Every structure is written in structure tokens, then in C-alpha cells.
Amino acid sequence: MSGQTDKTGHDHTQGVVDPIILTTERGIAAIKWSTAGLLITALLELGVTALSGSQALLADSLHNFSDAATALPLWLAFSLSRWRPTARFTYGYGRLEDLAGVSIVVLIVVTGLWVGYESMRHLVQPEQVGHVWAVVFASLVAYIGNEAVARYRIKTGHEIGSAALVADGYHARTDALASLAVVLAGIGIWLGYPIADPIIGLLIAGVILRTGWDSAKMVFSRLLDGVDPQVVEEVIHAAQHVPGVEDVTEVRIRGLGHRLLAEVNIAVRSDLSVERGHAIAQEVRHQLLHHLQYLSNAVIHVDPLSASGEAHHRIINHKHDQLPTHSH
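In this text the structure is predicted, and so the values were computed from the model without any measurement.

Conventions we followed
- All residue numbers here refer to positions counted from 1 along the written sequence of the relevant chain.
- Reporting in this predicted model follows two pLDDT cut-offs: at least 70 for local features of residues, and 80 or more for side-chain atom pairs to be given and counted; totals over whole chains, interfaces and linings ignore these cut-offs and use all residues.
- Based on all heavy atoms of the structure, the side-chain values leave hydrogens and waters out of the count.
- Each residue carries a pLDDT score, the predictor's own confidence in it, on a scale running from 0 to 100.
- The way it works is that DSSP assigns letters per residue, a run of H or I at least four long becomes a helix, a run of E at least two long becomes a strand, and they are numbered from the N terminus.
- Any pair of residues with heavy atoms lying within 4.5 Å of one another is described as a contacting pair.
- Think of a patch as exposed residues, more than 30% relative accessible area, with no salt bridge, where like charges cluster within 9 Å and nonpolar side chains (Val, Leu, Ile, Met, Phe, Trp, Tyr) cluster within 5 Å.
- Where accessible areas are quoted, they stem from the Shrake-Rupley method and a 1.4 Å probe; at the residue level, only the protein chains shown are allowed to cover.
- Should a side-chain nitrogen of Lys or Arg be within 4 Å of a carboxyl oxygen of Asp or Glu, the pair is scored as a salt bridge.
- Expected helix span is taken as 1.5 Å per residue step, with the number of steps being one fewer than the number of residues.
- Residue burial is assigned from relative accessible area. The probe radius is 1.4 Å, only protein chains are included, and a residue is buried under 20% of its type maximum, exposed over 50%, and partly exposed in between.
- What the arc measures is the spread of directions leading from the helix axis to the C-beta atoms.
- The pairing criterion is simple: DSSP has to find at least two bridges between the two strands.
- Here, the term right-handed applies to a crossover whose path from the first strand over the helix to the second runs clockwise when the strands point away from the viewer.

With respect to the confidence of the model for the protein
- Across the protein, the average pLDDT comes to 76, with 77% of residues at 70 or higher.
- When pLDDT is averaged over each element of the protein, helix H8 (residues 274-291) comes out on top at 90 and helix H2 (residues 55-80) at the bottom at 69.
- Predicted confidence is poor over residues 1-22, with pLDDT under 50, and the contacts of this stretch with residues over four places away or in other chains come to 37 contacts.

Remarks on a nonpolar patch on the surface
- A cluster of nonpolar side chains, contributed by Met120, Leu123, Val124, Leu184, Ile187, Trp190, Leu191, Tyr193, Ile195, Ile199, Leu202 and Leu203, occupies part of the molecular surface with about 1,200 Å² of accessible area.
- Elements with a contribution of two residues or more to the nonpolar patch: helix H3 (95-124), helix H5 (163-190) and helix H6 (196-223).
- Checked against the element boundaries, Met120 lands in helix H3.

Examining helix H7 (residues 229-240)
- For H7, built from 12 residues, the straight-helix expectation of 16 Å at 1.5 Å per residue is met to within 8% by its first-to-last C-alpha distance of 17 Å.
- Buried residues of H7: Val231, Val235, Ala238 and Ala239, and no others. Projected onto a plane normal to the axis of H7, the buried residues spread over an arc of 95° and lie on a single side. The exposed residues of H7 that point more than 90 degrees off its buried face are Pro229 and Glu233.

Side note on unusual backbone geometry
- Notably, Asp225 is not glycine yet its phi reads approximately 60°, a positive angle.
- Secondary-structure assignment places Asp225 in the loop between H6 and H7.

Overview of the pairing of strand S2 (residues 259-268)
- Taking burial as the measure, the 10 residues of S2 include nine buried ones, the bulk of the element.
- Pairing between strand S1 (residues 247-256) and S2: nine bridges, direction antiparallel. Bridge pairing in S2 links Ile253 to Ala262.
- Both S2 and strand S3 (residues 295-304) contribute to a ladder of nine bridges, which runs parallel. The residue of S3 that forms the bridge with Ala262 is Ala298.
- Regarding topology, H8 serves as the crossover connection from S2 to the parallel S3, and that connection is right-handed.

Regarding the pattern of salt bridges
- Scanning the entire structure with this criterion turns up seven salt bridges.
- Salt-bridge contacts for Asp225 lead to Arg254; the nearest nitrogen and oxygen are separated by 3.7 Å. One end of the pair, Asp225, is in the loop between H6 and H7; the other, Arg254, is in strand S1, with 29 residues separating them in the sequence.
- Residue Asp225 is classed as partly exposed on the basis of its relative accessible area, which comes to 28%.
- Between Arg269 and Asp271 there is a salt bridge, and its shortest N-O distance comes to 3.1 Å.
- Under the relative-accessibility criterion, Arg269 is labelled partly exposed at 42%.
- Of the residues examined, Asp271 reaches a relative accessible area of 59% and is grouped as exposed.

Laid out in C-alpha cells, this is it:
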């Protein structure tokens with residue numbers, strides 16, 4: 001059913017657009033400000049690298065630059081998701097956000113492998129590092145900056161339901177761990193144990209790859225339209241409490257970027273008029289969109305109670321137009 005102005009005066013006709021604009025603006029703001037913070041810390045590290053010659057700090061600064069670069073596809077995806085649906089892309093462009101999440105996962109894994117390779121190389125061929133105090137200071141600043149960015153992105157991503165932004169936040173957290181590893185390596189060098197640098201680097205590479213695995217599970221779950229089963233229960237609970245709803249037979253929910261779309265089959269008394277059944281469906285949609293803020297739209301299908309459920313929608317075997325016996 002299409003959205004209309006209900007009796008309470010709320011207009012849900014643009015239910016697919018208005019929440020998206022709000023959350024997309026928040027997503028872009030999170031990317032913009034956190035990326036600026038990462039670039040500042042990366043430039044600071046590069047300056048200290050030129051002074052100290054620390055390969056570990058150079059790797060960390062390039063790591064931070066790569067994290068800033070991951071924001072570009074995500075920024076593009078958030079921007080394009082504001083485009084209205086077309087005759088070809090009837091659901092809009094929200095899936096671009098999920099594709100951006102895939103690119104972020106790939107970058108996390110590549111970063112982890114590269115950090116592991118560099119750590120192994122430094123383990124075999126240790127290099128002299130000067131101005132260790134400057135290395136430690138720059139790494140501490142980078143750690144604080146990256147952790148702040150990670151918390152900001154993860155918090156905003158959870159609030160607007162963006163798996164890609166959450167994945168990017170965890171990527172920033174891996175950068176924070178890498179920066180902390182440089183701090184510990186600097187302390188190890190200062191104490192006379194230069195081998196601490198590559199050993200800690202290998203440990204952090206493992207953490208980065210584990211983060212990539214966790215982020216991949218989250219992002220690919222969204223690509224496969226996976227949702228938390230609790231969301232389905234909340235939809236059923238909200239629909240069942242609408243007067244006139246006798247049963248809720250099927251609920252399907254799919255993600256589209258940071259949006260969720262719901263399809264719900266409800267059953268009403270068989271003796272109700274079409275107009276009354278439509279009014280009940282309209283109220284179900286109204287309640288879902290008001291009480292479940294993560295939904296951007298809901299399509300409600302009405303069945304009579306005597307033929308409730310999709311099993312009754314099936315057309316039995318039949319023949320026509322010289323076609324073989326078939327069913328739908």
C-alpha cells in the first residue's frame with residue numbers, strides 16, 4: 001500500500017526519503033570531521049618520521065593516510081544515497097553504501113597483510129631509529145586521534161544503522177592499535193630491545209586481520225539482507241497491537257545501506273470491507289514507522305482471516321494458452 005496522510009495528521013508519503021536525508025547528513029558529517037582528524041595526525045607523524053628516520057612511524061603514518069582514503073568511497077556512497085529512486089533503480093542507491101563497506105573490508109585486510117610483511121622484514125633486517133622520544137610522542141598523539149575517530153564513527157554508524165560506517169570506525173581503531181604498537185616499540189628501543197618493534201608489529205597485524213574478519217561478517221550479512229532476528233520480533237509485536245489485526249503471518253526485512261525495508265502480511269476479519277481492511281493496514285504502517293525508527297518504509301499486505309498466509313496465494317496447477325501444466 002502507498003503512504004498517505006493518516007488521521008493524526010502525519011504524512012508518511014515521503015517516509016522513504018525524509019529519514020534518509022537526516023541520517024545521510026549525519027553520516028557525511030561523521031566522515032568529514034573524522035577524516036580531517038586522521039589527516040592531521042598522519043601529517044604530524046610524517047614530520048617526525050623525517051626527523052627520526054623511523055620506518056615503523058612511517059608505516060603508521062601511511063596507514064593513517066590509507067584510513068583517510070577509505071572515507072572517500074563511503075563519502076561518495078552517502079552522497080549518492082540521497083538521489084531519488086528512478087525507473088531503473090526503483091529502490092534508490094542505498095546499496096552503494098554496502099559496496100563501500102566491502103571496499104573498506106578489503107583495505108583493512110590489505111593493511112593487515114602489509115603491516116605483517118613490514119614487521120617480518122624489520123625482524124630480519126633491524127634498522128636504527130633516532131629521536132625515540134619524538135617517535136613516542138607522535139605515536140601517542142596518533143593513538144588518541146585514531147581512537148577518538150573510531151568512537152565517533154562507530155557511535156554514529158550504530159545510531160543511523162550504517163554497517164559501512166561502523167566497519168570504517170573499526171578500521172580507525174586498528175590504526176589506533178598500530179599507533180600504540182609504535183609507542184611500545186619506541187619504549188622497547190629506548191630500553192635496548194630494538195626487536196620489540198617488529199614483534200609488536202606482527203601482533204598488531206593479527207589484530208588488524210581479526211578486525212577485518214569481524215567487519216567482513218557484518219558487511220556481507222547486510223549484502224545478503226541479514227537482519228537481527230529481534231528486529232523481526234519487534235515488527236511482529238508492533239503490528240499485532242494494532243486494533244483489527246487478527247494475525248501476522250509473514251515478515252520480511254531487507255537492508256539498503258543504512259535503511260531497512262519491511263514487508264508484512266497481516267490477517268483481518270473476513271467480513272470487513274476493503275476500505276476497512278485498507279485503513280487497518282494504513283495504521284499498521286503508521287505504527288511501524290513511528291515506533292521502529294530504523295524502518296524507512298513498510299509495505300503491508302492484507303489477507304482475510306479465512307485465507308491467511310502466503311500458502312493461500314499459490315495458484316494450483318492449471319493450463320492455458322497451449323502451455324504445459326504449471327502453477328504460480
